[in-house]
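Structure at a glance
Take a look at the letters that make up each chain.
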Amino acid sequence: MKNILFPLLGTLLLCATTAVAQDSLWTSARPDGHAPISVMSDHYHHKGEFMISYRYMPMFMKGNLSGSDGISNEAIFDDFMVAPQKMQMDMHMLGAMYAPSDAVTFMAMANYIRNSMDLRTKIGADFTTESSGFGDVSVSALVKLMNQDRQSIHANVGLSLPTGNIDQRDDTPMMNNAQLAYPMQLGSGTFDPFIGATYLGQTDLFSWGAQATYKFRGGENNEDYSLGNRFDAVGWGAIKASDYVSFSTSLRYYTTGEIDGMDADLNPMMMPLFNTANSGRSQLDLGIGSNLYIPTGNLKNLRFAAEFSFPVAQEVTGIQMENQWMGTFGIQYSFGGHH
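Residue numbers here run from 1 along each chain, matching the order of that chain's written sequence. This being a predicted model, a pLDDT of at least 70 is required before a residue's local features are given, and a value of 80 or more before pairs of side-chain atoms are given or counted; all residues contribute to the totals for chains, interfaces and linings. Excluded from the side-chain calculations are hydrogens and water; all other atoms, namely the structure's heavy atoms, are used.

**Thoughts on the environment of R30**
Starting at the N terminus, helices and strands are each numbered in turn, a helix being any DSSP run of H or I of at least four residues and a strand any DSSP run of E of at least two. When you line up the elements, R30 lands in the loop between α1 (2-18) and β1 (49-66). Note on R30: relative accessible area 7%, which makes it buried. Expressed as a C-alpha distance, the spacing of R30 and L292, which sit 262 residues apart in the sequence, is 9.2 Å. If sequence neighbours within four positions are ignored, R30 has contacts with Q202, T203, D204, L205, F206, K240, Y293 and R303. We define a polar contact as two N or O atoms separated by no more than 3.5 Å, with the added condition that, inside protein, one atom must be a possible hydrogen donor and the other a possible acceptor, whereas residues neighbouring each other in sequence contribute only through side-chain atom pairs. A polar contact of 2.7 Å, which involves the side chain of R30, links it to the side chain of D32. Within the structure, the side chain of R30 is placed 3.4 Å from the backbone oxygen of F206, a separation counted as a polar contact. A 1.4 Å probe rolled over the protein chains alone gives each residue an accessible area, and that area as a share of the maximum for its type sets the label: buried under 20%, exposed over 50%, partly exposed in between. In what follows, residue pairs with any heavy atoms lying within 4.5 Å of each other are defined as contacts.

This is how it looks when you write it as structure tokens:
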């Protein structure tokens, strides 16, 4: 899938260099002045400006993959007692941004997660496990590197704090208060630094961008494991349909490494997601979205946005659940500062 990623980023950079150079600055004060709502840290702010945001992000998984191919319950039962069937994750994310100068914008994000997983035992009994609570908080700084000829580049450096609980439990047919699988936990349990860079470009009617980020895991957590490092790259393009509305499409590639170590409370023979050999994946998603922006009046700088994304290709290490689709719905409001 890396063969797909690099042509995508190359195409975006080509668009940038062939765009008609305008002797003006890139601006966020238009509907496509923000990336698709699923892209975080996509823009910085003017000195003294604040922005608050809320996102609702549902994600659905159904069935299982072995590598990039589907695998049946029966095949899973050859080696495990339980097979996962469906999973839904609902995330509610709050964000705040503040720019003490034109060069630096600080950002903090917190989220609340609710997970639900349907499972089936080898003898055909169905049951559901659930987890919920606050996830990991991230704090970061966006540093402006360039803004000229309607093109902008900024760096993003930050730290994810282990505020999400990694001892989520629920009752199962086999055991009361059983430790839940790694994907059902609410955080990483480690301090995780991340770095990234974002490129943005505009013409009168179009905008585009590309972003790459890498997250490092900070050692072992209290349950004696660490999640895999994660690399994300996303490219997008948008058309400004009016002063109020824009439409976008995006391609996002991510890869995450395998879990290192293991939680002693999880029996790797019980089900695939208890076994760390079944962790780590790569995925390419196609997204379609829209932004609604209010440029004047009492609600100036209020935005509503939505994006749906679907896997174009996904490959897992071992046996894992198959991603189906994800939605991101958001509202953003900026105030203060000068333009």
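**Remarks on unusual backbone geometry**
Despite not being glycine, S41 has its phi angle at roughly 60°, a positive value. Checked against the element boundaries, S41 lands in the loop between α1 and β1. Taking relative accessible area as the criterion, S41 reaches 8% and is therefore assigned buried. Its identity as a non-glycine residue notwithstanding, N177 has a phi of 55°, on the positive side. Residue placement: N177 occurs in the loop between β8 (169-170) and β9 (178-179).

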